[in-house]
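# Architecture at a glance
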Amino acid sequence: MIASNPLVEWRLPEWWRRAQDIRTRGEYSIPVNATRVFGERRFPQDPRSAEAARGWIVSRIKETIRFPEPAHIDTEVIDDIVLCADEVIANSVVHADQQPGDSIRVLLAYTWCTVRVEVTDPGSGNGRAPRVRNVDLWDETGGRGLIIVQNLSHDWGSDQNATGRTTWFEVEY
């Protein structure tokens, strides 16, 4: 096993070492390929929803995701998840076609090594998928949200269907 080789171990991320240690003892809480949903909530399509969603996400993560005691998900990882969620929710509020009474659905799920956040909104009339923009960091006042998501997440993307657009990201822990 690569994680037990002392010459290689220092290069592996901490989450990988913890996962390997737990897997070798047979103590991991869910199968490696399983995904568990641990939260789903709707928020009004309003700029203040990002603040409410941040608090809800942090509380759900702290209540739910735990390796065998006493380890917990790192605070820095929670910060990355919350920042990415904030950016994706802000994009939903700003860019989605809004009708009175519309809401944004936030879904939280996890596997043995990742947290996945999905934000679903009514979609945009232009039909274009969210994309990372090339912005001049000194002159532009916006357009950095997906750059942040791209750099802090393990993977991200979006899906469009008849009911709206879902933008998702996954962060390793």
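Criteria and thresholds
- Residues numbered from 1 in each chain as written.
- Predicted model: local features only at pLDDT ≥ 70, side-chain atom pairs only at ≥ 80, totals over all residues.
- Heavy atoms only, no water.
- Helix = DSSP H or I, 4+ residues; strand = E, 2+ residues; numbered from the N terminus.
- Buried < 20%, exposed > 50% of the residue type's maximum accessible area, 1.4 Å probe, protein only.
- Polar contact = N/O pair within 3.5 Å; in protein donor to acceptor, adjacent residues only side chain to side chain.
- Contact = heavy atoms within 4.5 Å.
- Axes fitted to C-alpha atoms, helices over the stretch in contact; angles between N-to-C directions.
- Left-handed = near helix turned anticlockwise from the far one by under 90°.
- Phe/Tyr/Trp six-rings, centres within 6.5 Å; stacked < 30°, edge-to-face > 60°.
- Lys NZ or Arg CZ within 6 Å of the ring centre and 35° of its normal.

As for its position among the elements, Ser-153 is in the loop between α5 (145-152) and β4 (155-161). Of the residues examined, Ser-153 reaches a relative accessible area of 10% and is grouped as buried. A distance of 2.6 Å separates the side chain of Ser-153 from the backbone oxygen of Val-149, its partner in a polar contact. A polar contact of 3.5 Å, which involves the side chain of Ser-153, links it to the backbone oxygen of Asp-155. Not counting chain neighbours up to four residues away, the residues in contact with Ser-153 comprise Phe-169, Glu-170 and Val-171.

Axis separation between helix α3 (residues 49-64) and helix α4 (residues 75-95) bottoms out at 10 Å; the angle between their running directions is 145 degrees. Here the hand of the crossing between α3 and α4 comes out right-handed. Between α3 and α4, the residues in contact are Ala-50, Ala-53, Arg-54, Ile-57, Val-58, Ile-61 and Lys-62 and Ile-78, Ile-81, Val-82, Ala-85, Asp-86 and Ile-89, respectively.

This part covers the packing of aromatic side chains. Applying the stated rule across the entire model yields two aromatic pairs. Centre to centre, the rings of Phe-38 and Tyr-110 are 5.5 Å apart; their planes meet at 70 degrees, and the pair counts as edge-to-face. Here the residue Phe-38 occupies a position in strand β1 (residues 36-44), and Tyr-110 occupies one in strand β2 (residues 103-110), the gap between them amounting to 72 residues. Across the pair, exposure class does not vary: Phe-38 and Tyr-110 are buried alike. Ring plane angle 65 degrees and centroid distance 6.0 Å describe the contact between Phe-43 and Trp-56, whose orientation is recorded as edge-to-face. Taken together, the residues span a long stretch of sequence, with Phe-43 in strand β1 and Trp-56 in helix α3 at a distance of 13 residues. Overall, the relative accessible area of 11% leaves Trp-56 in the buried class. One residue, Arg-116, lies across the ring of Trp-168, its end atom 4.3 Å from the ring centre.

Fair warning: the whole summary comes from geometry, so function is off the table for now.
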